[in-house]
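Reading the structure
One-letter residues, chain by chain:
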Amino acid sequence: MKILAIDSTAVSASAALCNDETPIAVYTQKTGLTHSETLLPMICAVLQNAKCTVDDVDMFAVSAGPGSFTGVRIGVSAIKGLAFGKNKICVGTSTLDSLARNATGMSGHFLAVPVMDARRNQLYNAIFEYNDGVITRLCEDRLISATELQNELSSSALPIYFFGDGYDIANKLDIPQKLSTPKALIYQNAASVAASALNEFENSKDKSLYTDLALSPKYLRASQAEREEERKRKGNSK
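To start, this report covers the structure provided alongside it. (Residues numbered from 1 in each chain as written. Predicted model: local features only at pLDDT ≥ 70, side-chain atom pairs only at ≥ 80, totals over all residues. Heavy atoms only, no water.)

Looking at the pattern of salt bridges
- The tally for this structure, following the rule as stated, stands at six salt bridges.
- Between arginine 101 and aspartate 97 there is a salt bridge; the shortest N-O distance is 2.6 Å. Here arginine 101 matches aspartate 97 in class, with each residue buried.
- For the salt bridge of arginine 119 with aspartate 117, the shortest nitrogen-to-oxygen distance reads 2.8 Å.
- Since its relative accessible area comes to 55%, arginine 119 is described here as exposed.
- One connected set of salt bridges, linked through shared partners, spans Asp97, Arg101, Arg137 and Asp141. (Salt bridge = Lys/Arg side-chain N within 4 Å of Asp/Glu carboxyl O. Buried < 20%, exposed > 50% of the residue type's maximum accessible area, 1.4 Å probe, protein only.)

Next comes the structure, spelled out in structure tokens:
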């Protein structure tokens, strides 16, 4: 199955074309340009380099959140546009699940802990256990403070590797079991998005849910604009 996958949920952007979980072409960049400028050219590049077209794609995959509200919307909109009317599989997968899959290939028994900077002294986070290559999710995607995460992980009996743009924040926490993650594995990689999407789709009982029309962002909290609107609404109701 050919999978076109993208991630635009953080500062770096990534696009990949994979044959199931095997990368064919991967393009990742962190140039300071906006995702609206870079994402479509990156998608075109991976397809052209693999001598494929959008019509050759069997599954479209995107990190649908959590992450930057603007970045999530750009990524989801791009995939919906590419897949529109093609009757192809579309999977919006968890950014945190995708980040945890960067650890695929690492050996041993450890915790893979994706952390994304959610601002306001909070992190988007989930925890995954790796044991000889087998991955087990230990909690749902969540919004958590750095202090709460430190308290939760400080008693872990397993080594801990952090992944994501909250890496520097998490790496400063007082957690004796934390180890340095290889730099090439810290940030978003669209090949991991493809692996996450394929796993989600294959394990789903209702595969009819994975369409371009059903694809939508997955937020863990309201956006700044929505919070401001809610504050105004409450103020006017008094």
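Picking up after the structure, the text goes on.
With respect to the side chain of aspartate 7
- Here aspartate 7 is to be found in strand E1 (residues 2-7).
- Salt bridges are absent for the buried aspartate 7, whose nearest opposite-charge side chain, arginine 101, sits at 12 Å.
- Here the side chain of aspartate 7 touches threonine 9 through a polar contact of 2.7 Å, side chain to side chain.
- Polar side-chain contacts of aspartate 7 include one of 2.6 Å to the side chain of serine 63.
- With residues up to four places along the chain from it excluded, the contact list for aspartate 7 reads Ser12, Ala13, Ser14, Ser63, Thr95, Gln188 and Val193. (Helix = DSSP H or I, 4+ residues; strand = E, 2+ residues; numbered from the N terminus. Lys, Arg positive; Asp, Glu negative; His and termini not counted. Polar contact = N/O pair within 3.5 Å; in protein donor to acceptor, adjacent residues only side chain to side chain. Contact = heavy atoms within 4.5 Å.)

Examining the pairing of strand E11 (residues 160-163)
- A two-sided burial pattern is seen for E11, the buried positions comprising Ile160 and Phe162 on one face and Tyr161 and Phe163 on the other.
- Note that strand E6 (residues 109-117) and E11 share four bridges and pair parallel. Bridge pairing in E11 places valine 113 opposite phenylalanine 162.
- With two bridges joining them, E11 and strand E12 (residues 178-179) adopt parallel strand pairing. (Pairing = 2+ DSSP bridges.)

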